Structures are given as structure tokens and as C-alpha cells.
Amino acid sequence: AVRAAAAAEGVGEEELGARVKALCADTTCCTVVALGQDQKALRPALLWMDSRSAPQAAKILQLASQGPEDAGVKRSLAVNSGGKGPLSAEWMLPKSLWLKENDREVWDKAETVCEYQDYINLRLTGKLVASSCNVAARWHWNGEEAIVPSNAPPSLSAPRGRPVALLHRLGLDDLLDKWPAECVAMGTTISPLSPSAALHLGLPASVLVAQGGPDAFVGMLGLGCTRPGQLALITGSSHLHLAVSATPATAEGIWGAYAGAPLPGLCFAEGGQSSTGSILRWARNLFTGGAEDGVTYAQLDQEAADVDVGSDGLVALETFQGSRTPITDPLAKGALVGLSLSHTRAHVWRALLEAVCFGTRACVDALRQAGHGADEILVAGGATRSPFWLQMHADATGLPVAVCACPDGPLLGSAILAAAAAGLHGGDVLAAVKAMVRVEKRIQPNPEAVLKYTAVFQHTYSRLAAAVQPIAHAAARLLGGDVVSPEAGLSGKTEAGLSDKTEEGPSAKTAQEKKEEADDEVTRKLAEVSLGEGVAVCPSLLGCDWADIAGAVKACEKAGAEMLHLDMFDGVAIPSPNALTFGPQMIAAIRKRTSLLLDVHLVAQNPSRYIEPLAAAGADRLTFQWESVPSTAKATALARAIRDSGMRAGVCLAPETHVDAILGLVDEGLVDLINILTVKPGFGGQALQSAMLDKVRALSKIKNRLEKAGVEVIQVDGGVTGSTAKACIDAGATALVSGSWLFAHKGGVAAAVKELRAAA
């Protein structure tokens, strides 16, 4: 990238060396890396957004509250709403505890556990040095104390800013030795480039590497947000509110304040909204059907400008993806309340814009009440492209909103830190901020509009979250498959979720009700298997005689198979004309022949188009191929659509995909089966790849997490025979898919099923 940038500017290597004096990197936070003695990664990094350590986050708060009160423990956790929590699963301690509990081999081998920020600088310089901004904001360190030089190792009596007492309470004492021993402030020179890094970048080895930090917090410097009373508002898919303060005061409803961050001598506290720009993108897509050439954001703003403050009685809640602060509620959902036939898309658009601004006001108010008041907001990101929305932010909060000339705060912030390290502006970061940041425009709040927004905020928006919460939580439980009792507020339902009315005649129960009861019976069998009382056998009709599928189905029933596995390939997703099997019509025909659970494994280029046809055909579960929709967002949407159709949802992993890829989807609570393919998808009769059973073992290690998310079945699919079944079961499989071997068994299907079960 450095060479490409230089080439684009027509700068030769010699001139580049003369012009570049220092560089600085910022990274996402908190992305955790485990390094061995050779300083190479032992496993894929735990990305900042990775939330698999949510149980560990809760466990940390629980352990911290147990036992005798400890001032050190209390002090370290004060940044989490005064110690009351929550503690984000994205932070260093939950991820470290997850590593120790779930990947012990890596943990024991790890010489170093650090952040990606530290790893990047290690590659640039050969030195391992932590950033005081990172450790203060995400590691539970005191950033001021951490940078005080000392030759003595941290201890309970002299922690040197480290959370030594908290680590001891958590059984993480060994993490102290794995963390970088040295810590410096942002803008401090770590060292010149190492010879290898200089050669790689095409820069002189004399170029200095300055310590950076988290992208958003480096962005504070790029916005000039360094004075107590200023608040940086980082906008995009979500909103992040960063208030600079002179005091490390903390309180419920905020995160922080973090001592020594972003710079020594300062503190900052933060608030956040999970879904802001993302809900506007959702609404625009809804209005336009996703067409790129549809109505623009500017046009929607123009329409909304003709609607008065308060959207003519329509009020929205922006918490589509949960609520961060001042109320932390991961189950919170969005809402539009007050809809009438007179409302137009302009009203909906304005209500959503207002909801985001009201959410920002709530965060700003919580920060002020904790002692971190703001007198201006410095905005970066997507919101700066909408003058209408910027004015709305100013009016809703009652604060002036400033926009800087450089729209990329983190980029300019890194340049500021590098400039200070190079000795420019007296080598002082704050002086560099003053010299390099320029406010381009400042939007003042309109006093009349402020009064209107305040009235709407106080009388409607501020009451909405509490009113919607019980319904949102109940909906989340239902979506996750939780049992609802009459006492929970849904009258006429029993603990099984079926009508508690007695039958008045032979035709009182509908066919659908009978099917649900049959499905419940199969589910109970699978639940017993998942608890270790056996293994479910799932014959794959891909391996039977297609000239007698009805006979194969009947043989499976007599053998006592728990469900039928139906591989449905569209001949496109797998680029082979032979990878084309049966479709919804065949599923419907099989449904007429059996009451067994029908588990359809779908490998298709556009899997969503088959949801309704398969549901109508009578499929009970649709297990989709992860590689067809390889992102958590797309997979979550697909799984939810499957659930909404009335089918259960499962996910299947091809051999080349690691289980970590699907954990975000799993945590959504939408899939009840994980299928691990031990062969290439599309063709029967292949031999089992034993290395794929490592994935099953990895899933077994997080059994509690999977059960909490509603996963009932870990299924091994491909090459399952009488000789490989035991290895699959020992690895942790609770269901075995077998086709070619099972239907070719010399003793018949019943003997094959019996042999597979005997392996347990």
C-alpha cells in the first residue's frame, strides 16, 4: 500500500525516504492475538466484534462480586458503569478467559496475549509495546499508572496500573506474564522501522514508528477532541459518543471514564447506539426494494423536512440491534409507534432520524449526569453528508455541532501522532492537534426547534423503551424457541406451546396440530441424544436406489431412524452437471410417505428462493450451506426467514471453513443443528476426512454455549460407516448422516442403523 500510494503520487523511493519521517497505525479494538515463543500467531485472532466470550463477561462480573470486597477489584471494574456492568464480550479479559477455558492448548503455548495494535507494531519494529489508550479503554488498566517506567514486575502491592487483584480473583494470574511488559502513550516513539519492515514498505530504516491506538479513539485527535467539554460523535452504522473529561468519574449508564486516555492527563467516557445509519439504510432499501438507482438519502431528507418536529405523532425507537447505553439491553428491538393511515414515508424517515438524535441526546445526558458534560459535538462519519440530519442532532441535543475539514478522523489522528513522534510541533501531540485540525463549519442549535424536540423527547421517546421492552423480550424468547407459559401472558398456551383446550371430537385437531405433535416427539428424541443418551442416525436418500425411494423410506422407518437427510443441490452452486438432485416436488412426495422428520440440506446459489416451496412441501428443517451466504449478517437473515416460514434452521460447513465462521450466527439462537461435512459437498460415496473431526471437537468444547443458543444437534455428514462412526461420536457428534454405506449394507438398512448406534 505504501509503494502504491507513492507511485500514484509519482514519488520515487529516494524522495519518499526524504519526505517520510514517521508513521503510525490505528486498529480495531479489542482484537486479541495469541503469539507463541516465535512471535507468530497460534490461532486466528478474536476480532473486536467477536462475542463468543459473552458467558465469560458475565462470569467475570459474577466472580468479582463474590468473596471479600477488594479495593483493587472494585477499582478495575469501575469503568463498567461503576462496577455494576455490563462488561462487553469484546474486551480483553472476557476474550482471554474464553481462550483459557476453550482453547487451553493455545493458552498454554501462548507466550504473548496482546491486541492487534501491538502485533502490527511488533511486525513494524520487532518490539512488543502496549498502547496506554488501548489498555485503559479495553484491558481494565489505569492508563496513567501503566506508562510510569519501572524495573519491578507488577504485583498485588504494586500493580503498576495492571488489574492484578482482578486477575487473581478470576484465576487469570498467568495472563499478567503474557501481556506486553512495556506500555507507552499514543504519539510516543516505539523505535525506528526494523530492517525487514523497511524493506517490505520501501522506506528507510530511519523512519520512526509512533504508538497508535483504537481507530475511534485516534479519531478523537483527528477531530480535535482533546479538551474537557468536547464530545466526539463517530457516526456510521452505529453511533459512538466519546466525551473528554478532566476526571475519571464513572456511573451507571456509561462506560469509563478511562484514566490516561486518549492521552496522559486526560480521561474520556463513552456511550453508544448499536444501530443508527444501519436503520436508515434498512428503511431506504425498504422504500426502494433495494434498487441502487432508487430514491436517494438527500431526497428522503428533503421530503422529511416538510414534516414538522415530532413526525405528526409518529415516534420511533432506533434500537433495532439492541441498546448499548444508557440502558444496556441486547434484546431490545426497534419500534414505530403511533402509525396512522395519514403517515407517509416522509413521516417514517423523519421519525427514524429523530429517534437516532434522541438516542444521542439520552447518551449525552447520561454522560453529563456522570460528570462528563459537553459544550460542543465534533462529528465524523456518514452523518456529515446530511446537513438536515446534522441540524437535527444540534437541535435535539441543544449543542453546537462541528464538522472538520478532514472527514477521516482516524487517518488524520494517526498523522498527528506520527508528526509528534517525528518532533514536529515541538514533539507535542496537543500542539500537533491544534496545528493540524481545522473546523470547517459549526451548526448552532435553533432555540425554537430545541424546545419542540425537548417536548417530544420527554413526553414520548424517553418513555418508549421501557414500554416496548417486555414485548421485545417476549418476542425474542419466542424467536429463540423458548417455551411460553400462560403465566407469561399468552393465554390459551400450555408449556408445550400447544392449545390447552380438550378435543371435542375426532376432527378437533387439525392436520397441522398433529404434525406439530409428531415433530415435538422427534425433537424430544433428538434432545435425548444430544444429552449423551445415544446417537441419532439420519439416512441420506442421496445414497439409496432412486428407482425405489418409497421402499428406502419405508426401510428407514422400520429401522427406527430419527430423521431423513435429503440433499438438495441446484447444479449451480457446485459447478458440476452431476451435482443436481431432487427438488421441492420430491420432498412433497416423500412427505406423503412418512412422518419422519425431513431434514433438507440445501446447496444452492440463491437459497432464499427455495424457502417457501420447501416449507409448503413439508420439510421440517432446512439446513443451508454456509458458503452460499458467507457472512453472519446474510446467514442470520436467511436463518430468520427459514424460521419465519415455520421450518427449523440448520447450518452446514464445508471442509474448507472453520467453525469460528458460524459462531456469530449460532449466538443469534436461530439454528438448532450444525452439520459438519467431512467430504466435499455434492457427491456420495466419498471417504471421511478425519481432520474434519477437529471441528466437531471444537464444537464439543463449547457445548454449554451451543445449548444456550438452542443448538440441539451436532451432525457429521460424509463417509460415515461402521468403521468411522465411533471416531465421529468420540469427537462429539450427536447425529450421523450415512447414505452410500448404509443403503449398501449387506444386512439391510436396519442392520446398518444398529451398527452405527452400537458405536456409541
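Undergrad: Looking at this structure, I do not really get the overall build of the protein. What am I missing?
TA: The helix and strand tally for the protein stands at 31 helices and 24 strands. Taking 27 Å as the expected radius of gyration for a compact globule of 760 residues, we find that the protein reaches 29 Å, a close match to that expectation. Principal-axis analysis of the C-alpha atoms places the extent of the protein at approximately 85 × 65 × 65 Å. Residues classed as buried in the protein amount to 53% of the 760 residues present. Relative to all contacts within the protein whose residues are 6 or more apart in sequence, the contacts with residues 24 or more apart total 70%. Accessible area of the protein: about 32,800 Å², with a carbon and sulfur share of 54%. Of the side chains in the protein, 67 bear a positive and 80 a negative charge, and the two mean positions are spaced by 2 Å.

Undergrad: Hey, could you run me through the side chain of threonine 384 in this one?
TA: Summarising the element assignment, threonine 384 is placed in the loop between strand 14 (376–381) and helix 17 (387–397). Among the polar contacts listed, one links the side chain of threonine 384 to the backbone oxygen of glycine 381, at a separation of 2.6 Å. In this structure, threonine 384 is in contact with Val379, Leu390 and Val403, ignoring residues within four places of it in sequence.

Undergrad: Could you clarify how one ought to interpret the side chain of threonine 31 in this entry?
TA: Along the chain, the position of threonine 31 falls in the loop between strand 1 (22–24) and strand 2 (32–35). Here the side chain of threonine 31 touches threonine 28 through a polar contact of 3.1 Å, side chain to side chain. In this structure, threonine 31 is in contact with Ala45, Leu46, Leu47, Trp48, Cys114, Glu115 and Tyr116, ignoring residues within four places of it in sequence.

Undergrad: Is there a simple way to explain the layout of surface pockets in this structure?
TA: By volume, the second largest pocket amounts to about 710 Å³. What lines the second largest pocket is a set of 25 residues, among which Val2, Val20, Ala22, Leu23 and Leu203 lie closest to the centre. Only helix 1 (2–8), helix 2 (13–19), strand 1, helix 12 (195–201) and helix 18 (409–421) provide two or more residues apiece to the lining of the second largest pocket. Ranked by residue count, the leading element in the lining of the second largest pocket is helix 18, at five residues.

Undergrad: Is there a simple way to think about the pairing of strand 22 (residues 673–677) in this case?
TA: Burial runs high along strand 22: five of the five residues are buried. The two faces of strand 22 match: Leu673, Asn675 and Leu677 on one face and Ile674 and Ile676 on the other face are all buried. For strand 21 (residues 648–653) and strand 22, the ladder comprises four bridges, and the chain directions are parallel. Within strand 22, the residue paired with valine 651 across the bridge is isoleucine 674. Alignment of strand 22 against strand 23 (residues 713–717), held across five bridges, turns out to be parallel.

Undergrad: Would you explain helix 22 (residues 549–559) in this entry?
TA: The α-helix winds at 3.6 residues per turn, so residues separated by three or four positions along the chain end up facing the same way. Residues of helix 22 that are buried include every one of Ile549, Ala552, Val553, Cys556 and Ala559, and no others. Looking down the long axis of helix 22, one finds its buried residues gathered within 125° of arc, a one-sided arrangement. Remark: glycine 560 follows helix 22 within two positions and exhibits a positive phi of approximately 80°.

Parameters at a glance
Note on numbering: residues in each chain are counted from 1, in written sequence order. Confidence filtering applies because this is a predicted model: local features only for residues at pLDDT of at least 70, side-chain atom pairs given and counted only at 80 or more, and all residues used for totals across whole chains, interfaces and linings. Side-chain figures throughout are based on the complete set of non-hydrogen atoms in the structure, without hydrogens or water. Comment: elements are numbered from the N terminus, with helices defined as DSSP H or I runs of at least four residues and strands as E runs of at least two. With the radius of gyration taken over C-alpha atoms, the globule rule is written as 2.2 Å times the number of residues to the power 0.38. For the exposure calls, accessible area comes from a 1.4 Å probe over protein chains only, and a residue counts as buried if that area is under 20% of its type's maximum, exposed if over 50%, partly exposed in between. Residue contacts are defined here by distance: any two heavy atoms, one from each residue, within 4.5 Å place the two residues in contact. All accessible areas in this document rest on Shrake-Rupley with a 1.4 Å probe, and a residue is counted as covered only by the protein chains that are shown. Think of it this way: Lys and Arg go in the positive column, Asp and Glu in the negative one, and His and the chain ends go nowhere. By convention, the charge on Lys lies at NZ, on Arg at CZ, on Asp at CG and on Glu at CD. Under this definition, polar contacts are N or O atom pairs within 3.5 Å; protein pairs additionally need one hydrogen-donor-capable and one acceptor-capable atom, and for neighbouring residues in sequence, both atoms have to be side-chain atoms. Note on definitions: the grid is 1 Å and covers protein atoms alone; a cavity is a set of points where a 1.4 Å probe fits but cannot get out; a pocket is an open set with protein on both sides within 12 Å along at least five of seven lines; lining residues have an atom within 4 Å of a point. Grid points are joined across faces, edges and corners, and a volume is the space filled by probe spheres set on the points. Here a strand pair is declared whenever DSSP counts at least two bridges between the two strands. Directions are taken from the helix axis to each C-beta atom, and the arc is the one they span.

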